[in-house]
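# Tertiary structure, described
Here is how the chains run, residue by residue.
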Amino acid sequence: MSETQPQKEIIYVFIDSQNLNLSIRDQGWKLDFAKFRRYLADKFKVQKAFFFIGFIKEYKPLYEHLRGIGYHVIFKPTLRLPDKKAKGNVDAELVLHSMIEYDNYSKAIIISGDGDFYCLVKYLQQKNKLLKLIIPDKNKFSSLLREFRTYMVYMNDLKQKLELKKRE
């Protein structure tokens, strides 16, 4: 009889790019997405990273860059508001894709401080599928998520490791 190998955990991450990007910029730095992808793979053994973002035609080079460094980019159509700002809330897409992919992963990491993900995080916790809830800014996140404190990892102290350095 052969011994059965323990089944390797499959870790997926679902990233609310708007919440991540704005929270990091509010702290005064820019995230190096390539370093971040490596960090997720090294620290949490993430196999797939889903990056949810509003589609704006002018940012096509960014989307290609993200794909090239290992993100699965999922787009939300955007609307132009009267003030010319783009509006593309990705919450529904993130929740939907986490459910579409549900049978493909053992554990999930959600990256957002947005309370709109409370129901998803709660469901994943109840099903023993929540690995981590990565909060971009420990000083600015929804109080609804506080009940998941034991799962939380904050990005505030990762600036040295993950900051985009200016080329000289």
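Residues numbered from 1 in each chain as written. Predicted model: local features only at pLDDT ≥ 70, side-chain atom pairs only at ≥ 80, totals over all residues. Heavy atoms only, no water.

## Describing the packing of aromatic side chains
- If you walk through the whole model with that rule in mind, you get 16 aromatic pairs.
- Ring geometry for Y12 against F50: centres 5.7 Å apart, planes inclined by 50°, an arrangement best described as tilted. One end of the pair, Y12, is in strand β1 (residues 11-16); the other, F50, is in strand β2 (residues 46-55), with 38 residues separating them in the sequence. Per residue, the accessibility class of Y12 equals that of F50, and both read buried.
- Here the aromatic cluster, defined as three or more aromatic residues joined through ring pairs, consists of Y12, F14, F50, F52, Y102, Y105 and Y123.
- Against the face of Y102 rests K129, its NZ or CZ located 4.1 Å from the ring centre.
- K129 extends its terminal NZ or CZ atom over the ring of Y105, reaching a point 4.6 Å from the ring centre. (Phe/Tyr/Trp six-rings, centres within 6.5 Å; stacked < 30°, edge-to-face > 60°. Helix = DSSP H or I, 4+ residues; strand = E, 2+ residues; numbered from the N terminus. Buried < 20%, exposed > 50% of the residue type's maximum accessible area, 1.4 Å probe, protein only. Lys NZ or Arg CZ within 6 Å of the ring centre and 35° of its normal.)

## Observations regarding the pairing of strand β3 (residues 71-77)
- Direction of pairing for β2 relative to β3: parallel, over a ladder of seven bridges. Opposite F52, over in β3, you have I74 as the bridge partner.
- Handedness of the crossover joining β2 and β3 through helix α3 (residues 60-68): right-handed. (Pairing = 2+ DSSP bridges. Right-handed = clockwise from strand over helix to strand, strands pointing away.)

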